[in-house]
Amino acid sequence: MKGRIKKEAAIQLDRQDELRKFREEFYVQESQIYLDGNSLGLLSKRAEKATLDLLSSWKNYGIDGWTEGEHPWFTFSEALGEKTAPLIGAAKEEVIVTGSITSNLHQMIASFYKPDKTKNKILADELNFPSDIYAIQSQLELKGYDPASHLKKIPSLNGQTLDLDQIKKSITDDTAMILLPSVLYRSGQLLPIKEIVEYAHTKSVIVGFDLAHSIGAVPHQLHEWGVDFAVWCNYKYMNSGPGGTGGLFVHKKHHGKIPGLKGWFGSQKEKQFDMEHTFSPADDAGAYQIGTPHILSSAPLLGSLSLFEEAGMNGLREKSLKQTDFMLQLIEDYLLPYGFKVVTPLVHSERGGHIALEHPEAASICKALKNQRVIPDFRAPNLIRFAPAPFYTSYEELFDAIHILQEVMEKKLYQLYKNTRNVIA
Ligand SMILES: *Cc1c(COP(=O)(O)O)cnc(C)c1O
């Protein structure tokens, strides 16, 4: 009979782990178990160095830093886009590092939502992230539509995940655009992007994805799948720091159009400083930039991307799945009696990088875990998310985290805390 997983098994898995050397690249607090890399990834030494390098270029070159030095600022967003492209299966011209998810969404909707008399609804889902919904609402309002009638939400049958048939059923003749997450931020469900795009395009619907919870966690083939546009942040699995500059993807088939929101950094590079009042957009995704790039907030990404290049996205995904499988087994072995419900899909092809557990005492459990130096992620009202980061989380830490959680439950340590959320999560 198969017994419960023992700590020895975790130590063994760490020994066999080909990516374990990357842990040394990060500032991991040895006194804590950090399982919140899906909200804010940890700092790597390379990200730190890249940031200091860019500061030095300011120190050493002043205004000439735009064109001088190892990483000229004028083309830095494009250079980072090129290095990001392999992570999402894009050509380098299809990617630019700029803005935040929300500001990039505003740009994408302003550019690609072209309502007419019959096709004028935007389809999202009822589990979508609030900021994405707000962006849709204001873009509809700017076009004179009422979000109450023009923003349609795909219902979730179980309150945690979406169903492909339900998504297809929700695409109707009046749908102009669909905006969905690649991985749902709560349950961690990975949607079948390729199938959704294929179907939506048969209905002439523009499809955009928010990759917040999949970039750096899951490989993508955005170009091949024909995704029209995508947006993401770089502070979650990409480990590029609080407020680190985000990114966007625009499929080649849409290049050469005038963006919905124009700004001088969207200009053709050679024309930008002609200072003409007629806008000449870049002929690639760079056209969707608006103002001066946030060089210092983009800098960490340079170091971070070199780690992705070295470790390889496929190897990271493989380890991530192995680690979430390991957690699921630990949860089954040790946590079943305590009323947790796993809401993350168990099938690999439907799972992102984190595991989500539902529990009525989730808020107080998270506080008790933090007190024991395990850093989870709480999402109101009743969800605990655990994200092993394949770059720096060890199997032993996963074992210890679940062991500590069992102790919190067994000794009812969570009862010492109020079951309400703090200001942040
Ligand atoms: C993290 C996250 C955001 C945050 O948007 P910002 O503009 O970067 O603050 C938006 N949407 C989703 C789905 C997220 O997970």
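Residues numbered from 1 in each chain as written. Predicted model: local features only at pLDDT ≥ 70, side-chain atom pairs only at ≥ 80, totals over all residues. Heavy atoms only, no water.

**Student:** Residues and numbers for the overall build of the protein chain, please.
**Tutor:** Helix and strand content of the protein chain: 14 helices and 13 strands. Scaling as 2.2 N^0.38, a compact globule of 425 residues should have a C-alpha radius of gyration of about 22 Å, and the protein chain matches this with 22 Å. Across the 425 residues in the protein chain, those meeting the buried criterion constitute 57%. When contacts within the protein chain are restricted to residue pairs at least 6 apart in sequence, those whose partners lie at least 24 apart make up 72%. A total of about 18700 Å² of accessible surface is found on the protein chain, and carbon and sulfur atoms cover 53% of it. (Helix = DSSP H or I, 4+ residues; strand = E, 2+ residues; numbered from the N terminus. Rg over C-alpha atoms; globule rule 2.2 N^0.38 Å. Buried < 20%, exposed > 50% of the residue type's maximum accessible area, 1.4 Å probe, protein only. Contact = heavy atoms within 4.5 Å. Areas by Shrake-Rupley, 256 points an atom, 1.4 Å probe, with all protein chains shown as cover.)

**Student:** Explain the packing of helix 3 (residues 76–88) against helix 11 (residues 295–311) to me, and be specific about the residues and the numbers.
**Tutor:** Between helix 3 and helix 11, the shortest axis-to-axis distance is 10 Å and the interhelical angle comes to 35°. The crossing of helix 3 and helix 11 is left-handed. On helix 11, the residues that touch Phe76, Leu80, Lys83, Thr84 and Leu87 of helix 3 are Ile295, Ser298, Ala299, Leu301, Leu302, Leu305 and Phe308. In the contact of helix 3 with helix 11, the residues fall into nine nonpolar, two polar and one charged. (Axes fitted to C-alpha atoms, helices over the stretch in contact; angles between N-to-C directions. Left-handed = near helix turned anticlockwise from the far one by under 90°. Nonpolar A, V, L, I, M, F, W, Y, C, P; charged D, E, K, R; others polar.)

**Student:** An account of the UniProt feature "binding site: pyridoxal 5'-phosphate" (unreviewed entry) in the protein chain is requested, with residue identities and associated values reported.
**Tutor:** What UniProt calls "binding site: pyridoxal 5'-phosphate" (unreviewed entry) maps, in this numbering, to Ile101, Thr102, Phe129, Pro130, Ser131, Asp132, Asp210, His213, Tyr235, Trp264 and Thr292. These annotated residues cover 192 residues of sequence, and their C-alpha atoms reach 30.2 Å apart at the extremes, leaving them scattered rather than at a single site. Its place among the elements puts Phe129 in the loop between strand 3 (121–125) and helix 5 (130–142). Considering the arrangement of structural elements, one finds Asp132 in helix 5. Non-local contacts of Asp132, meaning those with residues more than four positions away in its chain, are made with Ile101, Leu105, Leu179 and Asp210. (UniProt positions renumbered as here; feature names shortened; annotations may be inferred.)

**Student:** Go over the domain arrangement of the protein chain, please, and point to the residues and values.
**Tutor:** Entries for the protein chain in the domain assignment read domain 1 (7–30 + 312–416) and domain 2 (49–310). Relative placement of domain 1 and domain 2: their C-alpha centres are 29 Å apart. With 29 residues of domain 1 in contact, the opposing surface of domain 2 contributes 22 residues. Carbon and sulfur atoms make up 57% of the surface buried where domain 1 meets domain 2, a total of about 2100 Å² over both sides. The largest contributions to the domain 1 side of the interface with domain 2 come from Met313, His354 and Phe391, which together make up 25% of the buried area. Applying the counting rule to domain 1 against domain 2 returns zero salt bridges. For the pair domain 1 and domain 2, the interface holds nine residue pairs in polar contact (both at pLDDT 80 or more). Here the side of domain 1 that touches domain 2 takes four residues from helix 12 (residues 313–334), the largest share from any one element. The class makeup of the residues in the side of domain 1 that touches domain 2 is 13 nonpolar, eight polar and eight charged. (Domains from an automatic or database assignment. Buried area = accessible area lost by both parts, 1.4 Å probe. Salt bridge = Lys/Arg side-chain N within 4 Å of Asp/Glu carboxyl O. Polar contact = N/O pair within 3.5 Å; in protein donor to acceptor, adjacent residues only side chain to side chain.)

**Student:** Lay out the site of the ligand in plain terms, naming residues and giving numbers.
**Tutor:** Looking at the ligand, the residues that line it are Ser100, Ile101, Thr102, Phe129, Asp132, Asp210, Ala212, His213, Tyr235 and Lys236. One of the backbone N or O atoms of Ile101 is found 3.4 Å from an oxygen atom in the ligand. Between Lys236 and the ligand, the recorded distance is 2.5 Å, taken from a side-chain N or O atom to an oxygen atom. When isolated, the ligand has an accessible area of 390 Å², and the protein chains bury 84% of it. Of the residues that constitute the shell around the ligand, the class distribution is four nonpolar, three polar and three charged. (Near = heavy atom within 4 Å.)

**Student:** Tell me about helix 4 (residues 101–112), and please be specific about residues and values.
**Tutor:** The terminal C-alpha atoms of helix 4, which comprises twelve residues, lie 16 Å apart, in line with the 16 Å expected from a rise of 1.5 Å per residue. With nine of its twelve residues buried, helix 4 lies for the most part within the structure. Within helix 4, burial applies to Ile101, Asn104, Leu105, Gln107, Met108, Ile109, Ala110, Ser111 and Phe112. Tucked into the core, helix 4 has its buried residues touching strand 3, helix 5, strand 5 (175–181), strand 6 (206–210), strand 7 (229–232) and strand 8 (247–250). (Expected span 1.5 Å × (residues − 1).)

**Student:** Give me the lowdown on the UniProt feature "modified residue: N6-(pyridoxal phosphate)lysine" (unreviewed entry) in the protein chain, citing residues and values where you can.
**Tutor:** Residues given the UniProt feature "modified residue: N6-(pyridoxal phosphate)lysine" (unreviewed entry) here are Lys236. Tracing the sequence through the fold places Lys236 in the loop between strand 7 and strand 8. Once residues within four sequence positions are removed from consideration, Lys236 is found in contact with Gly37, Asn38, Ser39, Leu40, Gly41, Ala212 and His213.

**Student:** With reference to specific residues and values, describe the side chain of Thr245.
**Tutor:** Within the fold, Thr245 resides in the loop between strand 7 and strand 8. Excluding its chain neighbours within four sequence positions, the residues that come into contact with Thr245 are Val97, Thr98, Gly99, Asn234, His294, Ser297 and Ser298.

**Student:** Residues and numbers for the sheet that holds strand 3, please.
**Tutor:** With mixed pairing, seven strands are arranged side by side in an open sheet as 2-8-7-6-5-3-4. Looking at strand neighbours, the two that pair on one side only are strand 2 (95–97) and strand 4 (151–154), the edges of this open sheet. Going from strand to strand, the sheet's axes swing by 20° on average, the running direction of each strand aside. Of the pairings in the sheet, the one linking strand 2 to strand 8 comprises three bridges and is antiparallel in character. Residue Val97 lies in a different strand from strand 8, and its bridge partner there is Gly247. Along the sheet face, helix 4 touches strand 3, strand 5, strand 6, strand 7 and strand 8 and points at about 165° away from the line of strand 7. (Pairing = 2+ DSSP bridges.)

**Student:** Which residues make up the packing of aromatic side chains, and what are the values?
**Tutor:** Taken as a whole and judged by the stated rule, the model has 16 aromatic pairs. Each ring, one from Phe22 and one from Phe391, has its centre 5.7 Å from the other, and the planes form 65°; the classification is edge-to-face. With a gap of 369 residues between them, Phe22 in the loop between helix 1 (7–16) and strand 1 (33–34) and Phe391 in the loop between strand 13 (383–386) and helix 14 (395–410) connect regions that are remote in the sequence. Owing to a relative accessible area of 2%, Phe22 belongs among the buried residues under this scheme. For Phe391, a relative accessible area of 4% puts it in the buried group. Judged by centre distance (6.0 Å) and plane angle (85°), the rings of Tyr334 and Phe399 are edge-to-face. Here the residue Tyr334 occupies a position in helix 12, and Phe399 occupies one in helix 14, the gap between them amounting to 65 residues. Note that Lys45 overlies the ring of Tyr27, its terminal NZ or CZ placed 5.9 Å from the centroid. A cation over a ring is seen here: Lys236 above Phe129, with NZ or CZ 5.6 Å from the ring centre. (Phe/Tyr/Trp six-rings, centres within 6.5 Å; stacked < 30°, edge-to-face > 60°. Lys NZ or Arg CZ within 6 Å of the ring centre and 35° of its normal.)

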